[in-house]
Amino acid sequence: GPPRGTQNLPYFHYWHGMALLAAGNCGGRDALAKAVAIQPNWGEAHVALTRADVVCGNARAAAARARALYKVQQNDDIRISLAMAEMASGNSKAAARLAGEALPNPDAVMVLEALKRGVTLERPFARESAWWVPPEVR
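Residues numbered from 1 in each chain as written. Predicted model: local features only at pLDDT ≥ 70, side-chain atom pairs only at ≥ 80, totals over all residues. Heavy atoms only, no water.

**Focus on helix α7 (residues 106-117)**
- Counted at 1.5 Å a residue, the expected span for α7 with its twelve residues is 16 Å, and the 16 Å between its end C-alpha atoms agrees.
- Burial in α7 covers these residues: Asp107, Ala108, Met110, Val111 and Ala114. Projected down its long axis, α7 shows its buried positions confined to an angular sector of 160°, all on one face. The exposed set on the far side of α7, more than 90 degrees from its buried face, consists of Lys116 and Arg117.
- Structurally, α7 contributes buried residues whose contacts are with α3 (43-55), α5 (76-88) and α6 (92-101).
- Structurally, the start of α7 carries an N-cap: the backbone nitrogen of Asp107 is 2.7 Å from a side-chain oxygen of Asn105.
- Of the residues flanking the end of α7, it is Gly118, one or two places downstream, whose phi is positive at about 70°. (Helix = DSSP H or I, 4+ residues; strand = E, 2+ residues; numbered from the N terminus. Expected span 1.5 Å × (residues − 1). Buried < 20%, exposed > 50% of the residue type's maximum accessible area, 1.4 Å probe, protein only. Arc of directions from axis to C-beta. Contact = heavy atoms within 4.5 Å. Polar contact = N/O pair within 3.5 Å; in protein donor to acceptor, adjacent residues only side chain to side chain.)

Printed below as a string of C-alpha cells:
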C-alpha cells in the first residue's frame, strides 16, 4: 500500500499514478481515480484520468469524462484528451480535427502520428510532454 500518512493525499496518488503510467502500468489509472475521489475539483487529475482510461481500454468512460471537461473549459489539454477519447471510440475525423487545433503541443503530435499510423495510443502523454514533470520542477 501507500506509505504511511499518504492515504488521503491526492497529490501522492496523482504522482504515483503518473509514475505507474509512465512505466506502462495501467494500475496508475486506479491511483488517479483515487486522487480524483479525494479532490473532485482537481482538473489536471481529471485530464490524466481521462487519458489513462483511453490507453487502458476504457473508451466509454474516457469519452464521457472528456466531453464533460470540454463543456467546462476548452484548453489544449482538454481538447487533446477529447481527441484521444474520440480516437479510442473510432471517431478518427473528430480526433484529427481536435488534435490539429492543439498543435504544436507534443501530445497533439502524438495523437496525429498514431492516427496516421493506424495504431492505438500506448501512453497518456507524449514522452516529451511537460505533464510527466511535477510543477515544482518545471
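**Looking at the environment of Cys26**
- Following the sequence through the fold, Cys26 ends up in the loop between α1 (10-22) and α2 (27-38).
- Using a relative accessible area of 36% as the deciding quantity, one classes Cys26 as partly exposed.
- Sequence-wise, Cys26 and Asp53 are 27 residues apart; in three dimensions their C-alpha atoms are separated by 8.7 Å.

**Some points on the state of the cysteines**
- Across all of its chains, the model carries one disulfide by this definition.
- The disulfide partner of Cys26 is Cys56, and the gap between their sulfur atoms is 2.0 Å. What sets the handedness of the Cys26 and Cys56 disulfide is the S-S torsion sign, and at about -95° it is left-handed. Of the two residues, Cys26 sits in the loop between α1 and α2 while Cys56 sits in the loop between α3 and α4 (59-72), which places them 30 residues apart along the sequence.
- Cys56 gets classed as partly exposed once you look at its relative accessible area, which sits at 28%. (Disulfide = S-S within 2.5 Å.)

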